[in-house]
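What follows is each chain in one-letter form.
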Amino acid sequence: MLEYISIIITAIFVNNIVFAQFLGICPFIGVSRKLSSAVGMGAAVTFVMVIATAITWLLQDLVLTPFKLGFMQTIVFILVIAALVQMLEIILKKIAPALYSALGVFLPLITTNCAVLGVAITVVQKNMNLGESLVYAVATAIGFTMAISIFAGIREQLTLTAVPKAMKGVPIALICAGLLAMAFMGFSGIKIG
C-alpha cells in the first residue's frame, strides 16, 4: 500500500510530468488560456493515458518482451496511442455524443501529446507491474491536469492585470511557467516511508 501512495505523491508533485519531466508542454502552453479548456484537456488526457498505459503494458509484457521485439517499442506504442485515440473518437461519437462533444476537441490533440507516450515508456523502464502502471498513469494524469489548470488560472488572471506591453502574451506566460516549475521543485524533498 505504501508503494502506491509513494507512486501517487511522486507522480503528482515530485516528478510532475510537466514541471519535472518537461513532457506535455505543447498542450500546457497551447490549451491553457481558459480554465474550462484546460480542465477538458486534462480529463481527455487522463482517459487516454490510463487506457493507453494498460494496453501498451500488456503489449510489452505479452508480445514485445517474449518475442524479443523490444526495439520496436516506441513505434508500436505510438501506433497504439494513435489508433486508440481514433477508436475512442469513433466510439464516443456513436455511444456518448455528449461526452464526445465535451472531449471531441481535445482528442485529436492527445495523439501528439508526448506525455501519454512518456508514461507508457516510463512504466516499462521502471519495471512496474500492471497495478503500479495504472496507478502511475492516473497519478501522472492528475498531475498534468493540476499543472495545466493552475497555469490556466494564472493566465486568466494575467488578462486582468496590467502587464508591460513587451511582456504580454507568451513572454509573461513562460515566466509564470518557470516560476511554477520552481515552486514544484520544493516538493523534491518529500520522502515517503
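Preceding this paragraph is the structure being described.
Residues numbered from 1 in each chain as written. Predicted model: local features only at pLDDT ≥ 70, side-chain atom pairs only at ≥ 80, totals over all residues. Heavy atoms only, no water.

Novice: Sorry, what's going on with a nonpolar patch on the surface here?
Specialist: Side chains of Met 1, Leu 2, Ile 5, Ile 190 and Ile 192 sit close together on the surface and give an oily, nonpolar patch of about 470 Å² of accessible area. Examined against the element boundaries, Met 1 turns out to sit in the segment before α1 (2–14). You can call Met 1 exposed: its relative accessible area is 75%. (Patch = residues over 30% accessible without salt bridge, like charges linked within 9 Å, V, L, I, M, F, W, Y side chains within 5 Å. Areas by Shrake-Rupley, 256 points an atom, 1.4 Å probe, with all protein chains shown as cover. Salt bridge = Lys/Arg side-chain N within 4 Å of Asp/Glu carboxyl O. Helix = DSSP H or I, 4+ residues; strand = E, 2+ residues; numbered from the N terminus. Buried < 20%, exposed > 50% of the residue type's maximum accessible area, 1.4 Å probe, protein only.)

Novice: Can you help me understand unusual backbone geometry in this one?
Specialist: Where the residue is not glycine, phi is negative for most of them; where a peptide bond is considered, it is trans in most cases. Look at Phe 22: it is not a glycine, yet its phi comes out positive at around 55°. Tracing the backbone through its elements, the reader meets Phe 22 in the loop between α1 and α2 (25–30). A positive phi angle is found at Asn 127, which is not glycine, with a value near 55°. Along the chain, Asn 127 turns up in the loop between α7 (114–125) and α8 (130–158). Of the residues examined, Asn 127 reaches a relative accessible area of 69% and is grouped as exposed.

Novice: Mind showing me how you'd approach the environment of Gly 42 here?
Specialist: Relative to the helices and strands, Gly 42 is located in helix α3 (residues 35–64). Overall, Gly 42 belongs to the buried group, its relative accessible area being 0%. The spatial distance from the C-alpha of Gly 42 to the C-alpha of Phe 144 is 6.6 Å, given a sequence separation of 102 residues. For Gly 42, the contacting residues outside a window of four places in its chain are Phe 144 and Thr 145. (Contact = heavy atoms within 4.5 Å.)

Novice: When you look at the side chain of Thr 53 in this model, what are you seeing that I'm missing?
Specialist: Assignment of secondary structure puts Thr 53 in helix α3. On the basis of relative accessible area, Thr 53 is assigned to the buried category, the value being 0%. In contact with Thr 53, not counting residues within four places along its chain, are Val 119, Ala 120, Val 123, Ser 133 and Ala 137.

Novice: Would you mind going over the nonpolar core with me for this structure?
Specialist: Nonpolar side chains tend toward joint burial in soluble globular proteins. Among the nonpolar cores identified, the biggest contains 56 residues, and Phe 19, Phe 28, Met 41, Val 48, Met 49, Phe 77 and Ile 110 are the most heavily contacted of them. Taken together, the elements giving at least two residues each to this core come down to α1, α3, α4 (73–95), α6 (107–111), α7, α8 and α9 (170–185). Among the elements that make up this core, the one with the highest residue count is α8 (ten residues). The residues contacting Phe 19, other than those within four sequence positions of it, are Phe 28, Ala 147, Ala 177, Leu 180, Ala 181 and Phe 184. (Core = buried A, V, L, I, M, F, W, Y, C linked by side-chain atoms within 4.5 Å.)

Novice: Would you take a moment to explain α8 for this structure?
Specialist: Taking 1.5 Å of rise per residue, the 29 residues of α8 would be expected to cover 42 Å, and the 42 Å separating its terminal C-alpha atoms lies within 8% of that figure. Taking the backbone nitrogen of Gly 131 as reference, a side-chain oxygen 3.1 Å away marks Asn 129 as the first, capping residue of α8. (Expected span 1.5 Å × (residues − 1). Polar contact = N/O pair within 3.5 Å; in protein donor to acceptor, adjacent residues only side chain to side chain.)

Novice: How should I be thinking about the environment of Ile 121 in this particular structure?
Specialist: When you line up the elements, Ile 121 lands in helix α7. Sequence separation of Ile 121 and Phe 106 is 15 residues, and the distance between their C-alpha atoms is 22 Å. Apart from the residues within four sequence positions on either side, Ile 121 is in contact with Gln 73, Thr 74 and Phe 77.

Novice: How should the state of the cysteines be read in this particular structure?
Specialist: Joining two cysteines, a disulfide is a covalent bond between their sulfur atoms. Applying the stated rule across the entire model yields zero disulfides. The structure places no disulfide on Cys 114, whose sulfur is separated from the nearest cysteine sulfur, that of Cys 26, by 6.5 Å. Here Cys 176 is not cross-linked by a disulfide; its sulfur's nearest cysteine counterpart is in Cys 26, at 19 Å. Cys 176 sits in the buried class, given a relative accessible area of 14%. (Disulfide = S-S within 2.5 Å.)

Novice: Would you take a moment to explain the packing of α3 against α8 for this structure?
Specialist: Between α3 and α8, the least distance of the axes is 9 Å, while the angle of their chain directions is 165°. In terms of their interaxial angle, α3 and α8 are classed as roughly antiparallel. Pair α3 / α8 crosses with right-handed handedness. Of the residues assigned to the contact of α3 with α8, the class counts are 19 nonpolar, eight polar and one charged. (Axes fitted to C-alpha atoms, helices over the stretch in contact; angles between N-to-C directions. Parallel < 35°, antiparallel > 145°, perpendicular 65-115°, else oblique. Left-handed = near helix turned anticlockwise from the far one by under 90°. Nonpolar A, V, L, I, M, F, W, Y, C, P; charged D, E, K, R; others polar.)

Purely geometric numbers; function is a separate question.
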